[in-house]
Amino acid sequence: EPEVTQTPSHQVTQMGQEVILRCVPISNHLYFYWYRQILGQKVEFLVSFYNNEISEKSEIFDDQFSVERPDGSNFTLKIRSTKLEDSAMYFCASTGQPGETQYFGPGTRLLVL
Amino acid sequence: AQRVTQPEKLLSVFKGAPVELKCNYSYSGSPELFWYVQYSRQRLQLLLRHISRESIKGFTADLNKGETSFHLKKPFAQEEDSAMYYCALRRSGGYNKLIFGAGTRLAVHP
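First, a word on what this report is: a plain description of the structure on this page. What you see is a predicted model, and the numbers here were worked out from it, not measured in a lab.

**What about the overall build of chain A?**
Scanning chain A from terminus to terminus reveals 0 helices and 11 strands. The order of helices and strands in chain A, counted from the N terminus, is β-β-β-β-β-β-β-β-β-β-β. On C-alpha atoms alone, chain A measures out to a radius of gyration of 13 Å, which is about the 13 Å that the 2.2 N^0.38 rule sets for 113 residues. Overall size of chain A, expressed as C-alpha extent along the three principal axes, is 40 × 25 × 25 Å. Within chain A, the proportion of its 113 residues that are buried is 49%. Sequence separation of at least 24 residues holds for 52% of the intrachain contacts in chain A that already meet a minimum separation of 6. Carbon and sulfur atoms make up 47% of the accessible area of chain A, which amounts to about 5,700 Å² in all. Charge separation in chain A, taken as the distance between the mean sites of 9 positive and 14 negative side-chain charges, equals 4 Å.

**A short note on the interface of chain A and chain B**
In this complex, chain A contributes 22 residues to the contact, which on the side of chain B involves 18 residues. Taking both sides of the interface into account, the surface hidden between chain A and chain B amounts to around 1,900 Å²; carbon and sulfur atoms contribute 51%. Inspection of the region where chain A meets chain B yields 2 salt bridges. The closest approach of N and O atoms between B:Lys97 and A:Glu56, which form a salt bridge, is 3.0 Å. Linking chain A to chain B there are 10 residue pairs in polar contact (both at pLDDT 80 or more). For the side of chain A that touches chain B, the elements supplying multiple residues, two or more each, are strand S4 (31-37), strand S5 (43-50) and strand S9 (88-95) of chain A. A total of 4 residues in the side of chain A that touches chain B trace back to one element, the largest contributor, which is S4(A). Residues belonging to the side of chain A that touches chain B are distributed by class as follows: 10 nonpolar, 8 polar and 4 charged.

**A few points about the sheet that holds strand S3 (residues 19-24) of chain A**
All names here are of chain A. Strand order in this open sheet of 4 strands is S1-S3-S8-S7, and the pairing throughout is antiparallel. Two strands lie at the open edges of the sheet, namely strand S1 (5-7) and strand S7 (65-68), each paired on one side alone. On average, each strand axis in the sheet is inclined to that of its neighbour by 20 degrees, with strand direction left out of account. Looking at chain direction, S3 and strand S8 (residues 75-79) are connected through 5 bridges and run antiparallel.

**Thoughts on the sheet that holds strand S7 (residues 60-61) of chain B**
Residues and elements named next belong to chain B. One open sheet holds the 3 strands; their spatial order is S3-S8-S7, and the pairing between them is antiparallel. The strands lining the two open edges of the sheet, one partner per strand, are strand S3 (19-21) and S7. In this structure, S7 lies alongside strand S8 (residues 72-74), joined through 2 bridges in antiparallel fashion. Along S8, the bridge assignment pairs Ala61 with Leu72.

**Observations regarding the state of the cysteines**
As enumerated under the stated definition, the model contains 2 disulfides over all chains in all. Bridging A:Cys23 to A:Cys92, the disulfide has an S-S length of 1.9 Å. Residues A:Cys23 and A:Cys92 are joined through a disulfide that is left-handed, its torsion about the S-S bond being -60 degrees. Of the two residues, A:Cys23 sits in strand S3 while A:Cys92 sits in strand S9, which places them 69 residues apart along the sequence. Residue classification places A:Cys23 among the buried positions, given a relative accessible area of 0%. With its sulfur 2.0 Å from that of its partner, B:Cys23 forms a disulfide with B:Cys87.

Rules behind the numbers
- Residues numbered from 1 in each chain as written.
- Chains lettered and ligands numbered in written order.
- Predicted model: local features only at pLDDT ≥ 70, side-chain atom pairs only at ≥ 80, totals over all residues.
- Heavy atoms only, no water.
- Helix = DSSP H or I, 4+ residues; strand = E, 2+ residues; numbered from the N terminus.
- Rg over C-alpha atoms; globule rule 2.2 N^0.38 Å.
- Buried < 20%, exposed > 50% of the residue type's maximum accessible area, 1.4 Å probe, protein only.
- Contact = heavy atoms within 4.5 Å.
- Areas by Shrake-Rupley, 256 points an atom, 1.4 Å probe, with all protein chains shown as cover.
- Lys, Arg positive; Asp, Glu negative; His and termini not counted.
- Charge placed at Lys NZ, Arg CZ, Asp CG, Glu CD.
- Buried area = accessible area lost by both parts, 1.4 Å probe.
- Salt bridge = Lys/Arg side-chain N within 4 Å of Asp/Glu carboxyl O.
- Polar contact = N/O pair within 3.5 Å; in protein donor to acceptor, adjacent residues only side chain to side chain.
- Nonpolar A, V, L, I, M, F, W, Y, C, P; charged D, E, K, R; others polar.
- Pairing = 2+ DSSP bridges.
- Axes fitted to C-alpha atoms, helices over the stretch in contact; angles between N-to-C directions.
- Disulfide = S-S within 2.5 Å.

In C-alpha coordinates form, the structure reads like this:
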(Lines give C-alpha, C1' and ligand atoms only; values in the text may rest on other atoms or scores of the structure.)
Protein backbone atom coordinates (compact mmCIF):
# COMPACT_ATOMS: atom_id res chain seq x y z
CA GLU A 1 0.00 0.00 0.00
CA PRO A 2 1.47 3.40 -0.93
CA GLU A 3 2.46 5.64 1.96
CA VAL A 4 3.48 9.23 2.57
CA THR A 5 7.15 9.43 3.47
CA GLN A 6 9.04 12.16 5.30
CA THR A 7 12.70 12.96 5.75
CA PRO A 8 14.52 13.36 7.99
CA SER A 9 12.88 11.52 10.84
CA HIS A 10 14.70 13.73 13.35
CA GLN A 11 16.45 17.07 12.98
CA VAL A 12 18.31 19.13 15.54
CA THR A 13 19.16 22.71 14.64
CA GLN A 14 20.36 25.90 16.25
CA MET A 15 17.99 28.81 16.76
CA GLY A 16 18.08 31.13 13.77
CA GLN A 17 19.05 28.44 11.29
CA GLU A 18 16.99 27.48 8.27
CA VAL A 19 15.50 24.00 8.04
CA ILE A 20 13.79 22.20 5.20
CA LEU A 21 11.50 19.31 5.96
CA ARG A 22 10.76 16.99 3.09
CA CYS A 23 7.71 14.95 2.21
CA VAL A 24 6.88 12.62 -0.63
CA PRO A 25 3.09 12.40 -0.88
CA ILE A 26 1.29 9.42 -2.35
CA SER A 27 1.97 9.54 -6.07
CA ASN A 28 -1.47 10.24 -7.52
CA HIS A 29 -2.51 12.63 -4.77
CA LEU A 30 -3.14 16.26 -5.58
CA TYR A 31 -3.68 18.01 -2.25
CA PHE A 32 -1.00 18.34 0.38
CA TYR A 33 -0.90 19.50 3.97
CA TRP A 34 1.49 20.26 6.79
CA TYR A 35 0.49 19.90 10.41
CA ARG A 36 2.56 20.17 13.57
CA GLN A 37 2.30 18.88 17.09
CA ILE A 38 4.19 20.55 19.89
CA LEU A 39 4.96 18.06 22.64
CA GLY A 40 1.94 17.53 24.84
CA GLN A 41 -0.34 19.60 22.63
CA LYS A 42 -2.81 18.88 19.87
CA VAL A 43 -2.07 18.37 16.19
CA GLU A 44 -2.45 21.78 14.50
CA PHE A 45 -2.99 22.63 10.86
CA LEU A 46 -0.30 24.76 9.24
CA VAL A 47 -0.98 24.93 5.53
CA SER A 48 -2.66 23.24 2.59
CA PHE A 49 -1.36 23.27 -0.97
CA TYR A 50 -3.00 22.50 -4.30
CA ASN A 51 -2.07 23.16 -7.89
CA ASN A 52 1.21 24.80 -6.85
CA GLU A 53 -0.49 27.32 -4.61
CA ILE A 54 -1.28 27.67 -0.95
CA SER A 55 -4.99 27.01 -0.51
CA GLU A 56 -5.26 27.83 3.16
CA LYS A 57 -2.88 28.67 5.97
CA SER A 58 -3.22 29.07 9.69
CA GLU A 59 -2.06 31.99 11.78
CA ILE A 60 0.92 29.88 12.81
CA PHE A 61 2.13 29.88 9.20
CA ASP A 62 3.78 33.28 9.21
CA ASP A 63 6.45 34.76 6.95
CA GLN A 64 9.07 32.45 8.43
CA PHE A 65 7.36 29.47 6.81
CA SER A 66 7.11 28.56 3.16
CA VAL A 67 6.09 25.51 1.17
CA GLU A 68 7.15 24.35 -2.22
CA ARG A 69 6.67 21.50 -4.65
CA PRO A 70 10.07 21.67 -6.35
CA ASP A 71 9.46 18.66 -8.57
CA GLY A 72 6.76 16.13 -9.30
CA SER A 73 7.23 14.18 -6.11
CA ASN A 74 8.57 16.26 -3.22
CA PHE A 75 6.66 18.68 -1.04
CA THR A 76 8.78 20.75 1.31
CA LEU A 77 8.26 22.95 4.34
CA LYS A 78 10.93 25.55 4.98
CA ILE A 79 11.39 27.46 8.19
CA ARG A 80 13.73 30.38 7.46
CA SER A 81 14.93 31.32 10.90
CA THR A 82 13.96 28.76 13.49
CA LYS A 83 12.84 29.70 16.97
CA LEU A 84 12.80 27.59 20.10
CA GLU A 85 9.02 27.37 19.89
CA ASP A 86 9.24 25.73 16.45
CA SER A 87 10.34 22.54 18.19
CA ALA A 88 7.62 20.06 17.35
CA MET A 89 6.68 17.01 15.33
CA TYR A 90 5.81 18.03 11.79
CA PHE A 91 3.42 15.85 9.81
CA CYS A 92 2.84 15.90 6.10
CA ALA A 93 -0.43 14.57 4.70
CA SER A 94 -1.93 14.12 1.26
CA THR A 95 -5.24 13.29 -0.29
CA GLY A 96 -6.38 12.38 -3.77
CA GLN A 97 -10.01 13.23 -4.33
CA PRO A 98 -12.36 15.74 -2.69
CA GLY A 99 -13.81 14.35 0.48
CA GLU A 100 -11.27 11.54 0.67
CA THR A 101 -9.35 10.85 3.83
CA GLN A 102 -5.97 12.42 4.48
CA TYR A 103 -3.01 10.07 4.68
CA PHE A 104 -0.28 11.06 7.08
CA GLY A 105 3.46 10.63 6.97
CA PRO A 106 5.43 9.37 9.97
CA GLY A 107 6.51 12.87 10.94
CA THR A 108 9.77 14.75 11.40
CA ARG A 109 10.74 15.61 14.94
CA LEU A 110 12.39 19.02 14.93
CA LEU A 111 14.36 20.22 17.93
CA VAL A 112 15.55 23.81 17.99
CA LEU A 113 18.30 24.56 20.51
CA ALA B 1 -15.24 28.70 15.82
CA GLN B 2 -14.55 25.10 15.01
CA ARG B 3 -13.37 23.08 17.97
CA VAL B 4 -12.95 19.45 19.00
CA THR B 5 -12.87 18.51 22.65
CA GLN B 6 -11.63 15.23 24.04
CA PRO B 7 -12.08 15.58 27.78
CA GLU B 8 -9.97 12.60 28.85
CA LYS B 9 -6.19 12.64 28.44
CA LEU B 10 -5.90 9.05 29.62
CA LEU B 11 -8.34 6.19 29.73
CA SER B 12 -7.12 3.09 31.50
CA VAL B 13 -9.12 -0.16 31.32
CA PHE B 14 -8.62 -3.88 31.70
CA LYS B 15 -8.71 -6.27 28.78
CA GLY B 16 -12.28 -7.26 27.98
CA ALA B 17 -13.81 -4.13 29.47
CA PRO B 18 -15.95 -1.78 27.39
CA VAL B 19 -14.35 1.40 26.17
CA GLU B 20 -15.81 4.77 25.33
CA LEU B 21 -13.58 7.62 24.23
CA LYS B 22 -15.45 10.88 24.27
CA CYS B 23 -15.42 13.52 21.58
CA ASN B 24 -17.50 16.67 21.40
CA TYR B 25 -17.33 19.27 18.70
CA SER B 26 -18.52 22.75 17.95
CA TYR B 27 -19.19 23.71 14.37
CA SER B 28 -21.99 25.72 12.89
CA GLY B 29 -22.12 23.97 9.53
CA SER B 30 -22.19 20.39 8.37
CA PRO B 31 -19.04 18.63 9.60
CA GLU B 32 -17.32 15.41 8.82
CA LEU B 33 -16.02 13.61 11.88
CA PHE B 34 -13.11 11.21 12.05
CA TRP B 35 -11.22 9.10 14.52
CA TYR B 36 -7.50 8.73 13.91
CA VAL B 37 -5.29 6.34 15.87
CA GLN B 38 -1.57 6.47 16.52
CA TYR B 39 0.04 3.29 17.78
CA SER B 40 3.41 3.53 19.48
CA ARG B 41 6.08 4.78 17.06
CA GLN B 42 3.68 4.71 14.11
CA ARG B 43 1.99 7.33 12.00
CA LEU B 44 -1.48 8.74 12.42
CA GLN B 45 -3.90 6.50 10.59
CA LEU B 46 -7.58 6.76 9.97
CA LEU B 47 -9.64 4.46 12.16
CA LEU B 48 -13.09 5.45 10.99
CA ARG B 49 -15.21 8.30 9.69
CA HIS B 50 -18.81 9.02 10.42
CA ILE B 51 -20.02 8.88 6.83
CA SER B 52 -18.80 5.30 6.47
CA ARG B 53 -20.86 4.05 9.40
CA GLU B 54 -18.63 0.98 9.59
CA SER B 55 -16.92 -0.91 12.37
CA ILE B 56 -13.14 -1.10 12.27
CA LYS B 57 -11.26 -3.39 14.67
CA GLY B 58 -14.47 -3.62 16.68
CA PHE B 59 -14.74 0.14 17.13
CA THR B 60 -17.83 2.12 16.24
CA ALA B 61 -18.74 5.78 16.48
CA ASP B 62 -22.06 7.46 15.92
CA LEU B 63 -22.45 11.11 15.12
CA ASN B 64 -25.00 12.69 17.44
CA LYS B 65 -25.78 16.10 16.03
CA GLY B 66 -28.09 16.99 18.90
CA GLU B 67 -25.35 16.46 21.46
CA THR B 68 -22.58 17.42 18.99
CA SER B 69 -20.72 14.27 19.91
CA PHE B 70 -18.86 11.52 18.11
CA HIS B 71 -17.85 9.11 20.85
CA LEU B 72 -15.75 6.07 19.99
CA LYS B 73 -16.85 2.78 21.48
CA LYS B 74 -15.70 -0.79 21.68
CA PRO B 75 -17.50 -3.44 23.72
CA PHE B 76 -14.42 -5.50 24.66
CA ALA B 77 -11.02 -3.81 24.73
CA GLN B 78 -7.90 -5.70 23.67
CA GLU B 79 -4.31 -5.00 24.71
CA GLU B 80 -3.44 -4.17 21.11
CA ASP B 81 -5.94 -1.29 21.25
CA SER B 82 -3.53 0.63 23.46
CA ALA B 83 -2.71 3.78 21.50
CA MET B 84 -3.36 7.48 21.18
CA TYR B 85 -6.78 8.28 19.72
CA TYR B 86 -7.57 11.60 18.07
CA CYS B 87 -10.99 12.87 17.14
CA ALA B 88 -10.96 15.26 14.19
CA LEU B 89 -13.42 17.46 12.35
CA ARG B 90 -13.47 18.74 8.82
CA ARG B 91 -15.79 21.03 6.97
CA SER B 92 -17.66 18.74 4.60
CA GLY B 93 -16.68 18.55 0.97
CA GLY B 94 -13.50 19.47 -0.79
CA TYR B 95 -9.99 19.32 0.56
CA ASN B 96 -10.50 21.06 3.85
CA LYS B 97 -8.13 20.94 6.80
CA LEU B 98 -8.60 18.65 9.76
CA ILE B 99 -9.14 20.12 13.20
CA PHE B 100 -7.95 17.77 15.90
CA GLY B 101 -8.83 17.24 19.50
CA ALA B 102 -6.07 16.92 22.08
CA GLY B 103 -6.18 13.16 21.98
CA THR B 104 -6.91 10.42 24.51
CA ARG B 105 -4.37 7.80 25.43
CA LEU B 106 -6.05 4.43 25.82
CA ALA B 107 -4.16 1.96 27.98
CA VAL B 108 -5.54 -1.57 28.05
CA HIS B 109 -4.09 -3.70 30.84
CA PRO B 110 -3.98 -7.50 30.88
